[in-house]
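# Descriptive analysis of the structure
One letter stands for each residue in the lines below.
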Amino acid sequence: QVQLVESGGGLVQPGGSLRLSCGASGFIFSSADMSWYRQAPGKERELVAGIIRAGGSTNYADSVKGRFTISRDNAKNTVYLQMNNLKTEDTAVYYCNAVRTYPALAVWGQGTLVTVSS
């Protein structure tokens, strides 16, 4: 069964840090590009950060550049999102996503809630 399971969300004060994890199962993790998306209340889901299969190339939304870092451990089938200097506008449900062109794969996790509030 193809599955992504996120963890690590919670309540944090502005300026604080959190690390999200996403564990993958049911497919060859190293064959997929991985991304983190987020969806705030009343807003569309948006891309936060992505990392390619081999882990050498990453991309970030402008709003998180310099604060968030995406990484992956192919031996542990896990992708991470280190979030530093969190702001109230980072409050959202964060989703993990796996994509592969061939064989075709597109799967989402169930999401983990991050709340940044004093």
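Residues numbered from 1 in each chain as written. Predicted model: local features only at pLDDT ≥ 70, side-chain atom pairs only at ≥ 80, totals over all residues. Heavy atoms only, no water.

## Focus on the sheet that holds strand 1 (residues 3-7)
- Across the sheet, 4 strands lie side by side as 1-3-8-7; this open sheet has antiparallel pairing. The strands lining the two open edges of the sheet, one partner per strand, are strand 1 and strand 7 (68-73). On average, each strand axis in the sheet is tilted by 15 degrees relative to the strand beside it, whichever way the strands run.
- One ladder, built from 6 bridges, connects strand 3 (residues 18-25) with strand 8 (residues 78-83); its direction is antiparallel. From the neighbouring strand, Arg 19 faces strand 8, where its bridge partner is Gln 82. (Pairing = 2+ DSSP bridges. Helix = DSSP H or I, 4+ residues; strand = E, 2+ residues; numbered from the N terminus. Axes fitted to C-alpha atoms, helices over the stretch in contact; angles between N-to-C directions.)

## Looking at the nonpolar core
- Counting residues in hydrophobic clusters, the biggest one holds 31 residues, and the most contacted among them are Trp 36, Leu 81 and Tyr 94.
- The contact partners of Tyr 94, leaving out residues within four places of it in the chain, are Glu 6, Leu 20, Trp 36, Tyr 37, Arg 38, Val 48, Phe 68, Leu 81, Met 83, Gly 111, Thr 112 and Val 114. (Core = buried A, V, L, I, M, F, W, Y, C linked by side-chain atoms within 4.5 Å. Buried < 20%, exposed > 50% of the residue type's maximum accessible area, 1.4 Å probe, protein only. Contact = heavy atoms within 4.5 Å.)

## Some points on the packing of aromatic side chains
- Scanning all chains against the criterion turns up 2 aromatic pairs.
- Measuring from centroid to centroid gives 4.9 Å for Tyr 37 and Trp 108, while their planes differ by 65 degrees, and the two rings are edge-to-face. Taken together, the residues span a long stretch of sequence, with Tyr 37 in strand 4 (residues 33-39) and Trp 108 in strand 10 (residues 105-108) at a distance of 71 residues.
- Residue class for Trp 108 comes out partly exposed when judged on its relative accessible area of 39%. (Phe/Tyr/Trp six-rings, centres within 6.5 Å; stacked < 30°, edge-to-face > 60°.)

## What about the side chain of Thr 112?
- Take Thr 112: it is sitting in strand 11 (residues 112-116).
- At 3.2 Å, the side chain of Thr 112 and the backbone nitrogen of Gly 9 are in polar contact.
- Those residues in contact with Thr 112 that lie beyond four places of it in its chain are Glu 6, Ser 7, Gly 8, Gly 9, Leu 20, Ala 92, Val 93 and Tyr 94. (Polar contact = N/O pair within 3.5 Å; in protein donor to acceptor, adjacent residues only side chain to side chain.)

## Things to note about unusual backbone geometry
- Each neighbour pair has its own omega, and for Tyr 102 with Pro 103 the value is -15 degrees, a cis peptide bond.
- Counting through the fold element by element, Pro 103 comes out in the loop between strand 9 (92-100) and strand 10.
- In this structure, Asn 77 takes a positive phi of about 55 degrees despite not being glycine.
- Topologically, Asn 77 is positioned in the loop between strand 7 and strand 8.
- Take Asn 77: its relative accessible area is 29%, and that puts it in the partly exposed class.
- A positive phi angle, near 50 degrees, is found at Asn 85, a position not held by glycine.
- Inspection of the secondary structure puts Asn 85 in the loop between strand 8 and strand 9.
- Here Asn 85 falls in the partly exposed class, since its relative accessible area comes to 43%.

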